[in-house]
Structures are given as structure tokens and as C-alpha cells.
Amino acid sequence: MTKPVIGVLGASGAVGRSAVRELRALGVTGLRLGGRTTSALSAVAEEDPTGHDETVWADATDPDGLRAFTAGCDIVLNCVGPTYRLRATVASAALAAGAHCVDVAGDDPAAEDLLKDGDPARGGRTVVLSAGALPGLSSMLPRWLAGQGLDGATALTAYCGGLETCSPTVAHDLMLSLTSGGADGAAYGEALAAVRGGRRVSRVLRTAEDTEHEAFPGRVAVQPYLSGESERLATALGLDRLDWYNVHPGPAVRALLNRLPGRLAAGDDPAELADRLILAADLDLAGRKPYYVMDFALSGTASGRPLAAGLTLRASSSYHLTAAVGALAVDAVLRGEVPAGVHFACDVLDPDTVVGHLRAHGAADFRLTGAAAGADQVEEGVL
């Protein structure tokens, strides 16, 4: 039986390099490593104990290079961006080459593009989008929490963010998401919006520029933001109410984020603004230990009695979390556990498998409270 060829695009980047390690830990060898810097790819390949990895120059914006990389692959794991500019570029190239595709980012725009070109299910191919930390794990963890005896939950409050370096892809994605990237060309999400009565309601919540939250050390800013993924989550769990906050612990990043919409509207160079965002993250991180936190609280009623539970995940890096979810999605496709067609990772990956993997491999610490602490017998991590 011929061994499947797994291609990792962006293999030397912050997410890609971790994803390669995760795939190797899952027993996947002989990877095809793609990227724009040959020396960096070679360094990643040298970490392969079997010596079977190959390196291929590839740029997601170069059609010829992308075709050469995807040719002969069985699955392509895309770890490059910016997401809202590439949309379904990599996934379309993978499908054209007869390969499945897993994208650690990608959201409504990529799904729209793929379905306009014809459902990949007709060709027996699978595309898994949003197979990362956020989006991705950000929807899987609440689903897992709801499965710990919280079937009657009707309200969710989430706080996600951290103190870490900002990659060029993240910087550009963040800026593009302020003005585009959502379904049908709309904005990716809506600031200050929340779910009330099971539907999106504008300007319900308010930003707090200097506050505290028990899951985050020190002072932070919290910014309400309702994304398409969050709305789909509310529908999947049957929630009446959902409040979602992005958390920004670093003052330099917070200050720049407040100015970004105005600067973009004034026509400032996005590349220069991205560089400033990267620098701001580095300034905030100086002398401090990086971390990333996802905090969820579910509440509702069961048999007429109040029901509440919480889950706090703490990791050293969101990039490592993204890599782990991406690798698990590749593994699920390899095992034939994901049907043909276009899917979001949260809809097709088993939350128990994802949480179990993160715990078993020490990728994150988990703290459970309320009803979930009693239902889950695995020892809690320490925050």
C-alpha cells in the first residue's frame, strides 16, 4: 500500500513548524515541507529522525509554485496566510491536484469560494477549515464543556486572548478582519454585538479598556466581538445568550488596536501597520512570560435548578494550540473519519479526542469549575 503524502505549507512558520512536530508525534513521517525560505525549511527537515521529509519551495501567491507543491499530495495542511486575502486559494489548488485540504484558518469566505466552484464532495474530497485555536478550538471547547452534563445550558460567556508574539500572518489577518472577511463580503464579525434570544443583537456590550479578569494576570482590556463562528456555536448549542470578549493584556497592542480602524480608513500602508503591530506585541512581551488563555462559563437550568460550569485553558502559545488542532484534523482525514465536502473543524472533530490529546501531551492546562468539575474525573491542570 502506497504511503500517503502529507504536504505542510508554511512549514517553517510559527504554526507550521509546530504542526510538523505534532504530525510526527502522531506517527506521520515523510512529510512534504513547503515555504518561501529554503534554509528555514531545511532546518525543519533536519529535525525528522527518519530523514524522509522533503522540502519544496512554495508561495501561496504563486500559482505555478502552488501547483508544484500540491501535485502528488494526498492531504495539504495549510499554515500560511493572511487568511482573508488568500481565502480558498490553497484549498482550491489542493482539490485541483486531487488532494484533501486542512486549513488552520479559513472561515466563511473560503467556504463560499469552494462551494461556488462546486461541492468537493462530488469528487470525494474533503476540506476542513478553521482547524486552529481561534477559530476552531474556540468552538470545540464550549461544545466539550456542554457535554459534561451541561445539556440544559442556555448562556455562554467567553474570554480569549493572551500575551505572545504577533506573526506577520496574524497581524495582517487582524487588520483585514476589521473591514472584510465575513460571509458575502461582510465584516468578519461585529464589535459590541452579542447573541440575545438566539440571534445577533448590535451594540449590546461595551469595551473595558482597563479591567481585571480572574483568568488573566494583571490589568487587561476586554473588547466584545461576535464572529460568524460564535454565532454558529450559539445555534449548535441552542444558546439564548452569548457574550464573547477578546482580551488584550499588553498596553502597546491595545493602544494600536484602538487606532487601527482609523488609520486603515485614512489609507495608511497595511504593511507598515502590520510591522507596528508586531513591534507593539514584542514591546508588551519584553521581560514577561508568554501565555494564551481561553475561559468559558456556561449556565442554565436542569430540572428547575440552576446549572453552571466553567472551563479555563491556559497554554504557552496559541500557535502551538493551532498546530495541535491542525495535526489532529489531518489525522482524522487520514483515518477516514471526516466525510467528503467542506466542513468547519468544530463540526467534524471529536471534542473528547481534541481535549484528551491536549491534556495527554501537555499542550495546555485545564481548570474545571462547577458542574463540569464533578462530571470530569481527569485531574485538573494548575493555572
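Residues numbered from 1 in each chain as written. Predicted model: local features only at pLDDT ≥ 70, side-chain atom pairs only at ≥ 80, totals over all residues. Heavy atoms only, no water.

Digging into the overall build of the chain
Line of reasoning, step 1. Regarding its fold elements, the chain presents 15 helices and 17 strands.
Line of reasoning, step 2. A globule of 383 residues ought to have a C-alpha radius of gyration of about 21 Å, and the chain, at 20 Å, matches this closely.
Line of reasoning, step 3. Here the chain holds 383 residues, and the buried ones make up 52% of them.
Line of reasoning, step 4. A fraction of 72% describes how many contacts in the chain between residues 6 or more apart in sequence connect residues 24 or more apart.
Line of reasoning, step 5. Roughly 16,200 Å² of accessible area belongs to the chain as shown, and the carbon and sulfur atoms make up 50% of that amount.
Line of reasoning, step 6. For the chain, the distance from the average site of its 32 positive side-chain charges to the average site of its 46 negative ones is 4 Å. (Helix = DSSP H or I, 4+ residues; strand = E, 2+ residues; numbered from the N terminus. Rg over C-alpha atoms; globule rule 2.2 N^0.38 Å. Buried < 20%, exposed > 50% of the residue type's maximum accessible area, 1.4 Å probe, protein only. Contact = heavy atoms within 4.5 Å. Areas by Shrake-Rupley, 256 points an atom, 1.4 Å probe, with all protein chains shown as cover. Lys, Arg positive; Asp, Glu negative; His and termini not counted. Charge placed at Lys NZ, Arg CZ, Asp CG, Glu CD.)

Some remarks on the sheet that holds strand E16 (residues 341–344)
Line of reasoning, step 1. Spatial strand order, E3-E2-E1-E4-E5-E6-E16: seven strands in an open sheet with parallel pairing. Every interior strand has two partners, whereas the edge strands, strand E3 (54–57) and E16, have only one. Adjacent strand axes in the sheet meet at a mean angle of 15 degrees when their direction is disregarded.
Line of reasoning, step 2. Bridge count between strand E2 (residues 32–35) and E3: four bridges; the pairing is parallel. Considered in E3, the bridge of glycine 35 is made with tryptophan 57.
Line of reasoning, step 3. In the packing of helix H1 (residues 14–25) onto the sheet, contacts are made with strand E1 (6–9), E2 and strand E4 (75–78), and the angle to E1 comes to roughly 160 degrees. (Pairing = 2+ DSSP bridges. Axes fitted to C-alpha atoms, helices over the stretch in contact; angles between N-to-C directions.)

Thoughts on the nonpolar core
Line of reasoning, step 1. Counting residues in each nonpolar core, the largest one holds 93 residues, and the members touching the most others are Leu137 and Leu313.
Line of reasoning, step 2. No other element matches helix H12 (residues 318–334), which puts eleven residues into this core.
Line of reasoning, step 3. In this structure, Tyr159, Ala194, Phe216 and Tyr291 belong to the second largest nonpolar core, which totals 13 residues. (Core = buried A, V, L, I, M, F, W, Y, C linked by side-chain atoms within 4.5 Å.)

Notes on the packing of aromatic side chains
Line of reasoning, step 1. If you walk through the whole model with that rule in mind, you get two aromatic pairs.
Line of reasoning, step 2. Directly above the aromatic system of phenylalanine 344 lies the positively charged group of arginine 232, at a separation of 3.9 Å from the ring centroid.
Line of reasoning, step 3. In this structure, arginine 359 is placed above the aromatic ring of phenylalanine 366, and the distance from its NZ or CZ to the ring centre is 5.1 Å. (Phe/Tyr/Trp six-rings, centres within 6.5 Å; stacked < 30°, edge-to-face > 60°. Lys NZ or Arg CZ within 6 Å of the ring centre and 35° of its normal.)

A short note on helix H3 (residues 63–70)
Line of reasoning, step 1. For H3, every residue scored as buried is listed here: Gly65, Leu66, Phe69 and Thr70. The buried residues of H3 occupy an angular sector of 125 degrees when projected down its axis, which confines them to one face. Away from its buried face by more than 90 degrees, H3 exposes Pro63, Asp64 and Arg67.
Line of reasoning, step 2. If you follow the buried residues of H3, they end up packed against E1, E2, E3, E4 and helix H5 (89–96). (Arc of directions from axis to C-beta.)

What to know about the confidence of the model for the chain
Line of reasoning, step 1. In the predicted model, the chain carries a mean pLDDT of 89, and 94% of its residues have values of at least 70.
Line of reasoning, step 2. Within the chain, helix H15 (residues 371–375) has the poorest average pLDDT of any element, 69, and E4 the best, 98.
Line of reasoning, step 3. Counting contacts from residues 180–185, a segment whose pLDDT is below 50, to residues more than four positions away or on other chains yields 15 contacts.
Line of reasoning, step 4. Per-residue pLDDT stays below 50 along residues 377–383; that stretch engages in 13 contacts with residues further than four places along the chain or on separate chains. (pLDDT = per-residue confidence, 0-100.)

What to know about the side chain of asparagine 78
Line of reasoning, step 1. You can see asparagine 78 is positioned in strand E4.
Line of reasoning, step 2. Reaching out from asparagine 78, the side chain makes a polar contact with the backbone nitrogen of valine 80 at a distance of 3.2 Å.
Line of reasoning, step 3. Those residues in contact with asparagine 78 that lie beyond four places of it in its chain are Leu9, Val90, Val102, Asp103 and Val104. (Polar contact = N/O pair within 3.5 Å; in protein donor to acceptor, adjacent residues only side chain to side chain.)

Looking at the state of the cysteines
One way to say it: the disulfide is the covalent bond shared by the sulfur atoms of two cysteines.
Line of reasoning, step 1. Tallied over the entire structure, the rule returns zero disulfides.
Line of reasoning, step 2. No disulfide involves cysteine 79; its sulfur sits 9.8 Å from the nearest other cysteine sulfur, which is in cysteine 101.
Line of reasoning, step 3. Looking at cysteine 79, the relative accessible area reads 12%, which means it is buried.
Line of reasoning, step 4. We note that cysteine 160 lacks a disulfide partner, and the nearest cysteine sulfur, in cysteine 346, lies 13 Å from it. (Disulfide = S-S within 2.5 Å.)

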